[in-house]
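Chain by chain, the residues:
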Amino acid sequence: MNPMAPCPACQGEQFVCAVVVDSATVWRCVACGLGMTIPPPTQADGREQFADDPAYFARAYAQPKDRWWHRFAAAPLEALEASGAGPGRRFLDVGCNLGYLVEAAQRRGYHARGFDGSAAAVAFGRESLGLDLTHVRIESARVDPASQDVIVLNHVLEHLPDPGAVLRLVRGWLRPGGLLLIGLPNFASPIARFTGACWAGLVPAQHIWHFTPAALRHLTAKTGFVEVRRQTCMLTYVPEGAKGWTLYAIRRILEVVGQADNLIVVARKLPGECSA
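The structure contained in this document is the topic of the report that follows. Note that residues are indexed from 1 along each chain, following the sequence as it is written. The predicted origin of the model limits local features to residues at a pLDDT of at least 70 and limits the giving and counting of side-chain atom pairs to 80 or more, whereas totals for whole chains, interfaces and linings rest on all residues. Water and hydrogen atoms play no part in the side-chain values, which are based on all heavy atoms of the structure.

1. Thoughts on helix α7 (residues 213-222)
Alright, step 1. Every buried residue of α7 is accounted for by Pro213, Ala215, Leu216, Leu219 and Thr220. Down the axis of α7, the buried set is contained in an arc of 160°. They therefore lie on one face.
Alright, step 2. Note on definitions: a residue-residue contact is assigned when non-hydrogen atoms from the two residues lie within 4.5 Å. Each helix corresponds to a stretch of at least 4 residues labelled H or I by DSSP, and each strand to a stretch of at least 2 residues labelled E; elements are numbered beginning at the N terminus. The inward-facing, buried residues of α7 contact α5 (163-173), β8 (174-185), β10 (225-233) and β11 (262-269).
Alright, step 3. Among the residues trailing α7, Gly224 stands out with phi positive, at a value near 95°. Think of it in three bands: residues with accessible area under 20% of the maximum for their type are buried, residues over 50% are exposed, and the middle band is partly exposed, with areas taken using a 1.4 Å probe on protein chains only. The arc in question is traced by the directions running from the helix axis to the C-beta atoms.

Below you can see the structure in the form of structure tokens.
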């Protein structure tokens, strides 16, 4: 069965059923591993139930942040800095939520700003955190061409109907040689395969796409980028008890070998025009 042929990442024609959750099925491309939720989730593309709830974002920010949360949240900036980015760079977080990463980037010396389609998230970030955030959807954003040194799409692409179109759009906002950081759940991780429908990164009610490193590499290449760094870290995980610490140790090993369940890729904008 070919529910989404051809694959939007690699143009593959064969798909297999990977996971079934309630009425949703995640189909996997045999060639590159990209998964797609069918039927498409109704809460994707900025329609999440919490998107218009100011109290949700206030509670999320007020919730105590343990060392496990901070470890996960710091990983994108560490990947950028290992790729040559650093203080003084113009930094745009696309789909910034209430501005966690914008705030962290400012502390590290970036000229950081962001935008998001949730008016409630942006209002909280502006009013409570004093961040430079704008309420706008990606396709309506006005960003000067070649004006940014770094653009971030952190846990955004999996929610969008056409990730390729978004990559082509944000590419135009980057200066020549600028860096794009993408973070998303790693559908190729052994954690994703072994936990199946229980995997924390699946979220079929909100995620249209389930990316693997191969699928993301195909998509970035054909939209005018070259991958310069790839790393993985575990999705937020709090070990409890002997079993929990054993699983934590396994997850740490998967990080070392590049197979943990949160994928972080830094790609550089290539010169010339990207493919259609």
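The rest of the description comes next.
2. Looking at the sheet that holds strand β1 (residues 15-21)
Alright, step 1. In space, the four strands of this open sheet follow the order β1-β2-β3-β9, with antiparallel pairing throughout. Each of the sheet's edge strands pairs with one partner strand only, and the pair in question is β1 and β9 (209-210).
Alright, step 2. Any two strands with at least two DSSP-identified bridges between them are counted as paired. Pairing of strand β2 (residues 24-29) with strand β3 (residues 35-38), which is carried by four bridges, proceeds in the antiparallel orientation. Paired with Arg28 across the strands is Gly35, a residue of β3.

3. Section: the pattern of salt bridges
Alright, step 1. Here a salt bridge means any side-chain nitrogen of Lys or Arg lying within 4 Å of a carboxyl oxygen belonging to Asp or Glu. As enumerated under the stated definition, the model contains 12 salt bridges in all.
Alright, step 2. A salt bridge links Glu255 to Arg71, with the nearest nitrogen and oxygen atoms 2.5 Å apart. Taken as a pair, Glu255 in helix α8 (residues 241-256) and Arg71 in helix α2 (residues 67-82) lie far apart in primary sequence, 184 residues in all.
Alright, step 3. One salt bridge in this structure joins Arg90 and Asp149, with 3.0 Å as the shortest N-O distance. With Arg90 in strand β4 (residues 90-94) and Asp149 in strand β7 (residues 148-154), the pair connects residues that are 59 residues apart, well separated along the chain.
Alright, step 4. By sharing partners, the salt bridges in this structure join Asp45, Arg47, Arg137 and Glu139 into a single network.

4. Observations concerning the packing of aromatic side chains
Alright, step 1. To pair, rings of Phe, Tyr and Trp, with the six-membered ring standing in for Trp, must have centres within 6.5 Å; the planes then decide the type, stacked if under 30 degrees apart, edge-to-face if over 60, and tilted in the middle. Enumeration over the complete set of coordinates arrives at 12 aromatic pairs.
Alright, step 2. Between the aromatic rings of Tyr61 and Phe124, the centroid separation amounts to 5.6 Å while the plane-to-plane angle is 50°, which identifies the pairing as tilted. With Tyr61 in helix α1 (residues 54-62) and Phe124 in helix α4 (residues 119-129), this pair connects stretches of sequence that are 63 residues apart.
Alright, step 3. Relative to Tyr110, the ring of Phe91 lies with its centre 5.2 Å away and its plane at 55°, an arrangement referred to as tilted. You can see Phe91 sitting in strand β4 and its partner Tyr110 sitting in the loop between α3 (100-107) and β5 (111-116), a full 19 residues away along the chain.
Alright, step 4. On the basis of relative accessible area, Phe91 is assigned to the buried category, the value being 0%.
Alright, step 5. Through successive ring pairs, a cluster of aromatic residues spans Tyr61, Trp69, Tyr100 and Phe124.
Alright, step 6. Above the face of the Phe194 ring, Arg193 is positioned so that its terminal group lies 6.0 Å from the ring centre. Only lysine NZ and arginine CZ atoms are considered, and such an atom sits over a ring when it is within 6 Å of the ring centre and within 35 degrees of the ring normal.

5. Considering the nonpolar core
The nonpolar side chains of soluble globular proteins are, as a tendency, buried together.
Alright, step 1. To qualify as a nonpolar core, a set must consist of buried Ala, Val, Leu, Ile, Met, Phe, Trp, Tyr and Cys residues joined through side-chain atoms within 4.5 Å. With 39 residues, the main nonpolar core has Phe115, Leu153, Leu157, Trp173, Leu180 and Phe211 as its most contacted residues.
Alright, step 2. Looking at this core, the elements that each hand over two or more residues are β2, β4, β7, α5, β8, α7 and β11.
Alright, step 3. The residues contacting Leu157, other than those within four sequence positions of it, are Pro163, Val166, Leu167, Ile182, Leu184, Trp209, Phe211 and Leu216.
Alright, step 4. Counting 29 residues, the second-largest nonpolar core is a separate cluster that includes Val102, Ala120, Cys233 and Ile264.

6. Observations regarding a nonpolar patch on the surface
Alright, step 1. Patches here: salt-bridge-free residues with over 30% relative accessible area, like charges joined within 9 Å, nonpolar side chains (Val, Leu, Ile, Met, Phe, Trp, Tyr) joined within 5 Å. Note that accessible areas follow from Shrake-Rupley with a 1.4 Å probe, and for residues the cover is restricted to the protein chains shown. A cluster of nonpolar side chains, Val226, Val228 and Leu270, forms an exposed patch at the surface whose accessible area comes to about 200 Å².
Alright, step 2. Inspection of the secondary structure assignment puts Leu270 in the segment after β11.

7. Re α5
Alright, step 1. Those residues of α5 not exposed but buried are Pro163, Gly164, Val166, Leu167, Val170, Arg171 and Trp173. The buried residues of α5 occupy an angular sector of 165° when projected down its axis, which confines them to one face.

8. Describing the pairing of β7
Alright, step 1. Within β7, six of the seven residues are buried, leaving the element largely enclosed by the surrounding structure.
Alright, step 2. Here six bridges tie β7 to β8, and the two strands are oriented parallel to one another. Following the sheet pairing, Gln148 is matched in β8 by Leu174.
Alright, step 3. Here a crossover is taken to be right-handed if, once the strands point away from the viewer, the path from the first strand over the helix to the second is traced clockwise. Note on the crossover from β7 through α5 to β8: the handedness is right-handed.

9. Regarding the environment of Pro6
Alright, step 1. Within the element layout of this structure, Pro6 appears in the segment before β1.
Alright, step 2. In sequence terms Pro6 and Cys29 are 23 residues apart; their C-alpha atoms lie 9.1 Å from each other.

10. Section: the packing of α1 against α4
Alright, step 1. Angles here are taken between N-to-C directions and fall from 0 to 180 degrees, while the axes themselves are lines fitted to C-alpha atoms, restricted in helices to the stretch in contact. Direction vectors running N to C along α1 and α4 enclose 50°, while the axes themselves pass 8 Å from each other. The pairing of α1 with α4 is recorded here as oblique in orientation. In the packing of α1 onto α4, the handedness of the crossing is right-handed. For the pair formed by α1 and α4, the contact residues are Pro54, Phe57, Ala58 and Tyr61 on the first element and Ala120, Ala121, Phe124 and Leu129 on the second.
Alright, step 2. The residue classification treats Ala, Val, Leu, Ile, Met, Phe, Trp, Tyr, Cys and Pro as nonpolar and Asp, Glu, Lys and Arg as charged. All others, Gly included, are polar. Within the contact of α1 with α4, the residues separate by chemical class into eight nonpolar, no polar and no charged. In these notes the angle categories are as follows: under 35 degrees is roughly parallel, over 145 is roughly antiparallel, 65 to 115 is roughly perpendicular, and the rest is oblique. Crossing handedness follows the turn of the near helix against the far one: under a right angle anticlockwise gives a left-handed crossing, and clockwise gives a right-handed one.

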